[in-house]
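The chain contents come next:
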Amino acid sequence: VSFLGSLTPSELKPLTQWRQQHRRTLEGFLCAAAFVQDGQVYTNCTDAPTPQGDSGREWCYLDPQLQDLQVGDGTPSWGYCARVV
C-alpha cells in the first residue's frame, strides 16, 4: 500500500502548506505531511481505520524520506500517533 494513493508526490506537495502540526508516532518517527488512505487525503494524524483495518486510535504514514533511509530494516510504513503535548 502506498501512502500516496493515486496522487503523485508533486500533487500532494501543495497540501503540506496546510499542515498545522508536525506529529510523530509513538516510536518517534515523523508523520508524513500529507497522505491518502481509502481515497481520502489527510494532512495530519487520523482516526480513520488503519491500513490493517484497526480503528479507534490516531495514526499516520511515516515521512517518505525516513522510509527511504530505512528500507529493509523492518520499519513499518505507518504508526500510531503520539499524543500532542
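Not measured: the values here are computed from a predicted model. Every chain's residues receive numbers from 1 upward, in the order its sequence appears when written. Local features in a predicted model are, by the rule used here, given only for residues with pLDDT of at least 70; side-chain atom pairs are given and counted only at 80 or more, and totals for whole chains, interfaces and linings are based on all residues. The basis for the side-chain values is all heavy atoms of the structure; hydrogens and waters are excluded.

A. Expanded view of the environment of Arg24. Position of Arg24 relative to the elements: it lies in the loop between α1 (9-12) and β1 (35-37). Since its relative accessible area comes to 44%, Arg24 is described here as partly exposed. Ignoring anything within four residues of it in the chain, the contact list for Arg24 reads Phe29, Leu30, Cys31, Cys81 and Ala82. Of the polar contacts made by the side chain of Arg24, one reaches the backbone oxygen of Gly28; its length is 2.9 Å. Secondary structure counts use DSSP, requiring at least four H or I residues in a row for a helix and at least two E residues in a row for a strand, with both numbered from the N terminus. Whether a residue is buried, partly exposed or exposed follows from its accessible area with a 1.4 Å probe, protein chains only, as a fraction of its type maximum: under 20%, in between, or over 50%, in that order. Two residues form a contact once any of their heavy atoms are found within 4.5 Å. Counting of polar contacts relies on pairs of N or O atoms within 3.5 Å, with two restrictions inside protein: one atom must be capable of donating a hydrogen and the other of accepting it, and residues adjacent in sequence are counted only when both atoms are side-chain atoms.

B. Spotlight on the state of the cysteines. Disulfides are defined as cysteine sulfur pairs within 2.5 Å. Scanning all chains against the criterion turns up two disulfides. Disulfide partner of Cys31: Cys60, at an S-S distance of 2.0 Å. Taking the torsion about the sulfur-sulfur bond, which here is approximately -70 degrees, the covalent link between Cys31 and Cys60 counts as left-handed. You can see Cys31 sitting in the loop between α1 and β1 and its partner Cys60 sitting in strand β3 (residues 59-61), a full 29 residues away along the chain. A relative accessible area of 4% means that Cys31 is categorised as buried. Note that Cys45 is cross-linked by a disulfide to Cys81, the S-S spacing being 2.0 Å. Between Cys45 and Cys81, the S-S dihedral sits near -100 degrees, and the bridge is therefore left-handed. Of this pair, Cys45 sits in the loop between β2 (40-42) and β3 while Cys81 is found in the segment after β4 (78-80), placing the two residues 36 residues apart along the sequence. Look at Cys45 and you get buried, because its relative accessible area is 11%.

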